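# Per-entry structural report
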Amino acid sequence: MIRRNLLALLTLLFPLFVFASLAQASSPLDRLPVQEGGRIKPYDTFAREHLALIYGKQSFEEKPATEIVMTWILQPKAWEEKQFFEIRHHLVKRGLKLEETRMHFSPQEILSSDRLSVVMRDLQAKRETKEKLDPYFQAIQRLENQLFTFREIASGRMLRILPPKEGETWIALNEMPQPFQDKFMEITKEFVGTLNPEGDTSAARAALKTHVDEFIALVQAENPALFPSMTKVDTEVSYNRVHPFRYAYTSYLLALVAMGFFWMFKKPGFVTATWVFSVIGLLLHIYGFGVRTYLTDRAPVTNMYETVVWVSLGTVVFAMIIEWIYRWRFIITAGAAVGAFCLILADMAPAVLDASIQPLEPVLRSNFWLTTHVLTITISYAAFFLAFALGDYGLYLFLRDEKRFQDRIRGITLALYRAIQIGIAFLAPGIILGGIWADYSWGRFWGWDPKETWALIALLGYLAVLHGRLAGLLRNFGMCAAAILTFSLVIMAWYGVNYVLGAGLHSYGFGAGGVEYVAGFVALHILYVVFVGVVRRDSIRS
């Protein structure tokens, strides 16, 4: 009875804890619409994205991005000696004669370097010759973007908050007509009043909210057709503040802890707790994905961040379905592990996995094909990811005691076999649908583009694994090892083509960064397979 009450309490408290953040006080400035990057976004998103670009985080000295970015505009000179420019690459720091032990530098330190113009000229030369940028020049390019962004925001040229009467490009803060400048001046006066760290700022916050609402009504009247839905703007502000994916991976981690307790104490109540936390995590995961779909008006699977979120969602769903059928307990554990790993990665690596919402590239502007092809082909990665995680766990049991855990190993092998079947059932039609879309977009069905080629190689690799199993060539150990090794083909099709090769017609998905970590991840798993294989061979011989 006590255990049931505890689980019921956890089930009730966790969602309340999550959505309690909705009630947290936010700046009235958050919902001010801004045009940037081909779409209208709330000032909250604008500030978070640019502070993350320059500083690497969405807050600075425990102050929110909306406050920090506004002070860049109001007092740019006060920031000249603040160390908030993030530079991680040690060769860039060495090239600019900066301290290699530090990660953050002030604008004055960077701009006063006599080497800055030299490295920027080198970058420009690389661009003119159209050479592929290596990690060093990618870091230089990021520094260039950081300096440009800070200068443009501080001057008011990047903050476009007034829709024009004609055309579609919004008017920047420094170019607004005088009546709008005067109205915005009232906002800044009240904003300064809210910065008092010791006094009561409630009156200033109320006045700021009034002036922001009046300003929004004023600029909306200029061109209502260009103005966004304030419901969507408010939804995006709430999405930024709640950060559902962070709570989702927290819930998945709690599911893993609960299953760990089950393995230690053999109490069935912990299995129930694992299901409870997994379902809560999945609901938050779906909520975040759904809100992003509403904000983008499309399936949010057009960049690496979005596919990581989508693939991990699919992995958890597949794990729950297979777990519900077989009740082996380790399948849901593998799903929660993949869900937590992917969402933590998406949260902790903003420089590689850009979470910002971008407008669709022209070639992708077909919701039908985007939904049918991209969702289908990436959901196959989810099933293969589950097989990979199960293979990892299977080899761990081989390492511990093959005879003692033979029943569990047999169950794992069957589960990963089913996962591979599911993956192929999605990947094969996904490739065919991609060919049809390519015929519509590029005028040819198949062109041996790197993305197409590696998707086909991944499909053939998994078909070979299934064939090996049916022909009796791959037994339990072989299936676990193959599930791990074959996933390298998926990594190449998913990440490698966009971030390593950077070639082909799928250029809308290209990115940079993380190569050393992904290569290390693959290499460690290959070594893991070889190590377990050698240990097992020696064990059998002895």
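About the thresholds
- Residues numbered from 1 in each chain as written.
- Predicted model: local features only at pLDDT ≥ 70, side-chain atom pairs only at ≥ 80, totals over all residues.
- Heavy atoms only, no water.
- Patch = residues over 30% accessible without salt bridge, like charges linked within 9 Å, V, L, I, M, F, W, Y side chains within 5 Å.
- Areas by Shrake-Rupley, 256 points an atom, 1.4 Å probe, with all protein chains shown as cover.
- Salt bridge = Lys/Arg side-chain N within 4 Å of Asp/Glu carboxyl O.
- Lys, Arg positive; Asp, Glu negative; His and termini not counted.
- Charge placed at Lys NZ, Arg CZ, Asp CG, Glu CD.
- Helix = DSSP H or I, 4+ residues; strand = E, 2+ residues; numbered from the N terminus.
- Expected span 1.5 Å × (residues − 1).
- Buried < 20%, exposed > 50% of the residue type's maximum accessible area, 1.4 Å probe, protein only.
- 1 Å grid on protein atoms, 1.4 Å probe; cavity = no way out; pocket = protein on both sides within 12 Å on 5 of 7 lines; lining within 4 Å.
- Points joined across faces, edges and corners; volume = space filled by probe spheres on them.
- Nonpolar A, V, L, I, M, F, W, Y, C, P; charged D, E, K, R; others polar.
- Core = buried A, V, L, I, M, F, W, Y, C linked by side-chain atoms within 4.5 Å.

Together, Lys-266, Arg-329, Arg-400 and Arg-404 make up a positively charged patch on the protein surface. For Arg-400, the position within the fold is in helix H15 (residues 367–401).

Before going further, it helps to spend a moment on helix H14 (residues 330–348). Between its first and last C-alpha, H14 extends 27 Å over 19 residues, near the 27 Å set by a 1.5 Å rise per residue. Counting buried positions along H14 yields 14 of 19 residues, so the element is predominantly enclosed.

Let us now look at empty space enclosed by the protein. Under the criterion given, the structure shown has two cavities of 30 Å³ or more. What lines the second largest cavity is Phe-388, Ile-484, Phe-487, Ser-488, Ile-491, Phe-521, Val-522 and His-525. Mapped by element, the contributors of at least two residues to the lining of the second largest cavity are helix H18 (476–501) and helix H19 (515–541). Tallying contributions element by element places H18 first for the lining of the second largest cavity, with four residues. Class assignment for the residues of the lining of the second largest cavity results in six nonpolar, two polar and no charged.

Let us look at the pattern of salt bridges. Counted according to the given criterion, the structure contains 26 salt bridges. For Glu-49, the salt bridge goes to Lys-41, with nearest N and O atoms at 2.8 Å. Members of the salt-bridge network, linked through shared partners, are Arg-31, Lys-209, Asp-213 and Asp-234.

Okay, helix H17 (residues 450–470) next. An ideal rise of 1.5 Å per residue puts 30 Å on 21 residues; H17 measures up with 30 Å between its terminal C-alpha atoms. Those residues of H17 not exposed but buried are Lys-451, Glu-452, Thr-453, Ala-455, Ala-458, Leu-459, Gly-461, Tyr-462, Val-465, Leu-466 and Gly-468. Just beyond H17, the residue with positive phi is Gly-472, at close to 80°.

Empty space within the second largest pocket amounts to approximately 440 Å³. What lines the second largest pocket is a set of 21 residues, and nearest its centre among them are Thr-333, Ala-334, Ala-337, Ala-389 and Tyr-393. Elements represented by at least two residues in the lining of the second largest pocket include exactly helix H11 (244–265), H14 and H15. The biggest single contributor to the lining of the second largest pocket is H15, with eight residues. Grouping the amino acids of the lining of the second largest pocket by side-chain chemistry returns 15 nonpolar, one polar and five charged.

So, on to the nonpolar core. Among the nonpolar cores identified, the biggest contains 99 residues, and Leu-390, Leu-416 and Ile-420 are the most heavily contacted of them. Top element by residues in this core is H15. It accounts for 19 residues. The next biggest cluster of nonpolar side chains, apart from the first, holds 55 residues, and it includes Ile-54, Ile-68, Leu-98 and Phe-150.

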